[in-house]
Amino acid sequence: MTLTFRLAWRNLWRHRRRTWLTASAMIFSNVLLVFMISLQFGSYEMMINNTLRAFSGHIQLQMAGYNENPKLRNSIADVRTVAKRVRERLPNAQVAARASGFALASSEERTFGIQLVGVEPDREPGVSSLPGLVRDGRFLDDPTAPEIFIGSTLARNLKVAVGDEITLLGSGRDGSFAAGIVTVAGIFESGMQDMDRSFAELPLTYFQDLFAMDGGGHSVVVMLPSLDRVAAAVTTLRNAPDIDGPLDVLDWEALNPGLKQAIQADMSSAWFMYAVLIVLVAFSVLNTQLMSVMERTREFGVISALGVRPRRLAGLILLETTLMALIGFALGVFLGWLITLYFNTAGFSYPGMEDFASRFNLPGKMYPSITPLSLVLGPAVVFVFCLLAALYPALRLLRLRPVDAMRTA
């Protein structure tokens, strides 16, 4: 094995320029794959966090079955107490209680059906970005005040502005008639058409009084410092003995199944583009090794005539390819890590991104995610395809006839 390794290493550097050109193609592709995959993972994390921060949070506690069938009656009896216990279990998390229902919203001229959400004004900014998207007026600040925070499209449809009154008509939890007059405290613009058109928030205490909830609510929203803490937090909450009742602990994947599907679809389309780059590198290796075999046909014939089996010659070609691929892998991962590390600190942005993001209370830069998977995934695929590309030149040697090979000029 030592002799085979020495021969492979010597043969690899017979044509230094050709070897370095092929290795450079591997290095370039590996650097590009490390950076692009890391940036892709970082953008997914940012997209998930931005989507979850808009409203749903990383985790929600709900009554069993509420997520599939959100009825007003299917409520948590004392939602604020449950939220308090969750804060005790997860001291580093932002936690807020909510209640949700539907009502008719009427102004002097028009009426629309909307979704109403009762929120804790002092805690809602910790779990949602909506309070920071105020276009006019302000966010809610009094837990008992009859005021409302509505979307910009809904305000335009109702033809109301800050300070105007809206009449709410709905059905309470006990079947009673829920009616109230609220003042528009603020108008938000989230950039999401459905939310801006048919969504509004009320102070939680006023919502409970309006819909006869008797201190109840429908969800406890949890926002964690980072996405990688979700699994541990879900386990903690599911095993907590002091959180009573038939509650479901739902993570972001259960709350937003479409988000995960969108990420998977984007990853699939990205790998189609990566595959083009990988195949080009593989053909470069195939060309290099095929030229190497053809140049050394006479030499291989002599070696084979001396008793060396063709199988060992084929193994020699594969070992040469492995060594060259390892050089491309090591240097590509290292240089890709350096570039990714820089952008992980400084951030990555394109023209106009910061201005666009500032309108919707979003980060103005993307930060690549440096993980073992993002560093190794792309280069490992390149490494495997390079070895597969070397199979054809190696298999040619299995059919080598020493006499015919030695006659080759």
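What you see is a predicted model, and the numbers here were worked out from it, not measured in a lab.

The next subject is the overall build of the chain. When you go through the chain residue by residue, the secondary structure sums to 16 helices and 10 strands. Looking at the chain as a whole, 48% of its 409 residues are labelled buried. For the chain, contacts bridging at least 24 residues in sequence account for 78% of all contacts bridging at least 6. About 20200 Å² of surface is accessible on the chain, with carbon and sulfur atoms providing 59% of the total.

Our next topic: the pattern of salt bridges. Summed over the entire model, instances satisfying the criterion amount to eight salt bridges. A salt bridge links R138 to D141; its shortest N-O distance comes to 3.3 Å. Note that R197 and D194 form a salt bridge whose closest N and O atoms lie 2.8 Å from each other. Residue R197 and its partner D194 are located together in helix 6 (residues 193-198), separated by three residues, close to a single helical turn. Judged by its relative accessible area of 33%, R197 is partly exposed.

Right, let's get into the pairing of strand 2 (residues 94-106). Most of strand 2 sits inside the fold, with 10 of its 13 residues counted as buried. With five bridges joining them, strand 2 and strand 9 (residues 219-223) adopt antiparallel strand pairing. For Q94, the partnering residue across the bridge sits in strand 9 and is M223. Where strand 2 and strand 3 (residues 111-119) come together, nine bridges link them in antiparallel fashion. Across the sheet, residue A99 finds its bridge partner in strand 3, namely G118. Between strand 2 and strand 3, which pair antiparallel and follow one another directly, the connecting turn spans four residues.

Our focus in this paragraph is the side chain of N256. By the element assignment, N256 lies in the loop between helix 9 (252-255) and helix 10 (257-295). Judged by its relative accessible area of 18%, N256 is buried. Ignoring any residue separated from it by four or fewer positions in sequence, one finds N256 in contact with L52 and S56.

Secondary-structure assignment places E147 in strand 5 (residues 147-151). At a separation of 2.9 Å, a polar atom in the side chain of E147 contacts the side chain of R138. For E147, the contacting residues outside a window of four places in its chain are R138, L140, D141, D142, V182, T183, A185, E201, L202 and P203.

What follows is about unusual backbone geometry. The general pattern is negative phi for most residues beyond glycine and trans for most peptide bonds. Positive phi outside glycine occurs at K159, with the angle close to 60°. One can find K159 in the loop between helix 5 (152-158) and strand 6 (165-171). A positive phi angle, close to 55°, is found at A212, a residue other than glycine. With a relative accessible area of 27%, A212 lands in the partly exposed category.

Quick notes on the rules
- Residues numbered from 1 in each chain as written.
- Predicted model: local features only at pLDDT ≥ 70, side-chain atom pairs only at ≥ 80, totals over all residues.
- Heavy atoms only, no water.
- Helix = DSSP H or I, 4+ residues; strand = E, 2+ residues; numbered from the N terminus.
- Buried < 20%, exposed > 50% of the residue type's maximum accessible area, 1.4 Å probe, protein only.
- Contact = heavy atoms within 4.5 Å.
- Areas by Shrake-Rupley, 256 points an atom, 1.4 Å probe, with all protein chains shown as cover.
- Salt bridge = Lys/Arg side-chain N within 4 Å of Asp/Glu carboxyl O.
- Pairing = 2+ DSSP bridges.
- Polar contact = N/O pair within 3.5 Å; in protein donor to acceptor, adjacent residues only side chain to side chain.

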